[in-house]
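Per-entry structural report
One-letter residues, chain by chain:
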Amino acid sequence: RVHVFSPDDEELALRRGEMQWVEKIHQGLDQERFFLYGQPIIPLMAAEEGLHFEALLRYRDDRDNIVPPGAFLPAAERYNLASLLDKRLISNLLEWLASNPEFLDNPALCSLNLSGVTLSDESMLPFITEQFQRWQIPTHKLCFEITETAAISNLSHATNFIHQLKEQGCLFSLDDFGSGLSSFAYLKNLPVDFLKIDGLFVKDILDDEVDLAMVKSINEVAHVMNKKTIAEFVENEQILSLLKTLGIDYGQGFAIGRPVPLSELTFSDVDHQSTAVLL
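As a starting point, this report considers the structure included with it. Here the residue numbering is sequential within each chain, running from 1 through the sequence in written order. In keeping with the predicted nature of the model, local features appear solely for residues at pLDDT of at least 70, side-chain atom pairs appear and are counted solely at 80 or more, and the whole-chain, interface and lining totals rest on all residues. To obtain the side-chain values, all non-hydrogen atoms of the structure were used and water was disregarded.

Describing unusual backbone geometry
A positive phi is found at Asn80, a non-glycine position, where the angle reads about 60°. Note that Asn80 resides in the loop between helix 2 (69–78) and helix 3 (82–99). Residue burial is assigned from relative accessible area. The probe radius is 1.4 Å, only protein chains are included, and a residue is buried under 20% of its type maximum, exposed over 50%, and partly exposed in between. We classify Asn80 as exposed; its relative accessible area is 64%. Unlike most non-glycine residues, Asn226 shows phi in positive territory, near 60°. Runs of H or I in DSSP of at least four residues are treated as helices and runs of E of at least two as strands, each being numbered from the N terminus. On the secondary structure map, Asn226 appears in the loop between helix 10 (209–224) and strand 8 (228–231).

Topic: helix 11 (residues 237–246)
Since there are 3.6 residues in each turn of an α-helix, residues three or four apart along the chain are aligned in direction. Taken together, the buried positions of helix 11 are Ile239, Leu240 and Leu243. Within helix 11, the buried residues cover an arc of 100° as seen down the axis, which keeps them to one side. Note on definitions: a residue-residue contact is assigned when non-hydrogen atoms from the two residues lie within 4.5 Å. The inward-facing, buried residues of helix 11 abut helix 9 (199–202), helix 10 and strand 8. Throughout this description, a polar contact denotes any pair of N or O atoms lying within 3.5 Å of each other; where both atoms belong to protein, one of them has to be capable of donating a hydrogen while the other can accept it, and for residues adjacent in sequence the pair is counted only when both atoms sit in side chains. A distance of 3.1 Å separates the backbone nitrogen of Gln238 from a side-chain oxygen at the start of helix 11, and that oxygen is part of Asn236. Immediately beyond the C-terminal end of helix 11, within one or two residues, lies Gly247, with a positive phi of roughly 90°. Read the arc as the range of directions from the helix axis to the C-beta atoms.

Notes on the nonpolar core
If you look at soluble globular proteins, the nonpolar side chains tend to sit buried side by side. In this structure, Phe53, Leu93, Leu97, Phe144 and Leu243 are the most contacted members of the largest nonpolar core, which totals 69 residues. Apart from the residues lying within four places of it in its own chain, the contact partners of Leu243 are Leu44, Val202, Ile205, Val215, Ala231, Val234 and Ile248. Working definition of a nonpolar core: buried Ala, Val, Leu, Ile, Met, Phe, Trp, Tyr and Cys residues. They are joined through side-chain atoms within 4.5 Å.

Brief notes about the side chain of Lys87
Inspection of the secondary structure assignment puts Lys87 in helix 3. Counting rule for charge: Lys and Arg are taken as positive, Asp and Glu as negative, and neither His nor the chain ends is counted. Here, a salt bridge means any side-chain nitrogen of Lys or Arg that lies within 4 Å of a carboxyl oxygen of Asp or Glu. We note that Lys87 is buried and unpaired, the nearest opposite charge coming from Asp121 at a distance of 4.5 Å. One polar contact links Lys87 to Ser123, side chain to side chain, over a distance of 2.8 Å. The contact partners of Lys87, leaving out residues within four places of it in the chain, are Ser123, Met124 and Phe127.

Examining the packing of helix 3 against helix 5 (residues 124–135)
For the pair helix 3 and helix 5, interaxial distance at closest approach is 10 Å and the crossing angle is 15°. The orientation of helix 3 with respect to helix 5, classified from their angle, is roughly parallel. Between helix 3 and helix 5 lies a crossing of right-handed hand. Residues Ser83, Asp86, Lys87, Ile90, Ser91, Leu94, Glu95 and Ala98 of helix 3 lie in contact with helix 5, whose contacting residues are Met124, Phe127, Ile128, Gln131, Phe132 and Trp135. The nonpolar class holds Ala, Val, Leu, Ile, Met, Phe, Trp, Tyr, Cys and Pro. Asp, Glu, Lys and Arg form the charged class, and all remaining residues, Gly among them, are polar. Class assignment of the residues belonging to the contact of helix 3 with helix 5 gives a composition of 8 nonpolar, 3 polar and 3 charged. Geometry is summarised by axes, namely lines fitted to C-alpha atoms with helices restricted to the contacting stretch, and by angles between N-to-C directions that run from 0 to 180 degrees. Each angle receives one of four descriptions, namely roughly parallel if under 35 degrees, roughly antiparallel if over 145, roughly perpendicular if within 65 to 115, and oblique otherwise. The crossing is said to be left-handed when, going from far helix to near helix, the turn is anticlockwise and less than a right angle, and right-handed when the turn is clockwise.

See below:
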């Protein structure tokens with residue numbers, strides 16, 4: 001391919017930045033620079049269920065700055081490193097849970113996001129099974145999140161991946177639901193337990209009637225199919241209150257709790273039925 005150089009070419013600058021991240025990702029894996037944060041997910045309708053949180057990967061640079069995944073995930077996906085990060089996320093989370101059994105003594109549920117390429121990585125299922133055997137974590141307390149677009153683009157791989165891990169007791173959540181063009185049609189073929197409603201719909205439901213209608217319809221269809229719903233981007237109390245009125249099952253966002261290191265994640269019955277607070 002030939003690409004004509006321009007000093008202010010934004011795409012070229014983006015590609016250069018991604019290529020620099022390739023080396024940083026390899027170094028980060030070797031030097032244990034990747035670690036876990038957790039963000040709480042609370043029940044909006046049900047009674048107390050214990051702590052439900054999503055494990056999130058972060059990178060600590062050589063100046064001790066915390067780098068969010070938006071900086072390194074695009075490079076990881078473009079240069080086929082996403083599966084390595086997913087494996088590190090899985091192994092670190094299971095090791096942490098094994099070292100903190102108090103989280104498993106309560107009816108906690110731990111969610112973790114997988115990239116689209118992971119679904120077709122033949123080494124991933126054996127790796128996950130090996131990690132289960134190594135750390136002896138109750139598999140029914142783990143929920144794997146896959147994005148709707150990734151599931152649709154890898155439908156056969158995604159379906160097989162889900163079936164294989166559900167047979168071992170794991171749960172599944174379809175992330176960013178509503179962003180695809182044929183969401184409801186594909187939903188019949190994906191045996192997931194949760195739908196995470198795309199935050200782009202949730203954040204404007206107070207002002208946008210179309211977004212409100214989308215959230216309501218997704219919730220209604222999910223419940224007809226015996227699936228629970230999780231609303232992302234719950235950014236204020238007004239959105240939280242409206243989601244409860246709509247009958248959404250769970251909420252996740254800054255109004256509930258920001259991502260914090262797993263060591264600072266705890267559960268406390270304040271303000272909401274079940275939430276996480278900073279120690």
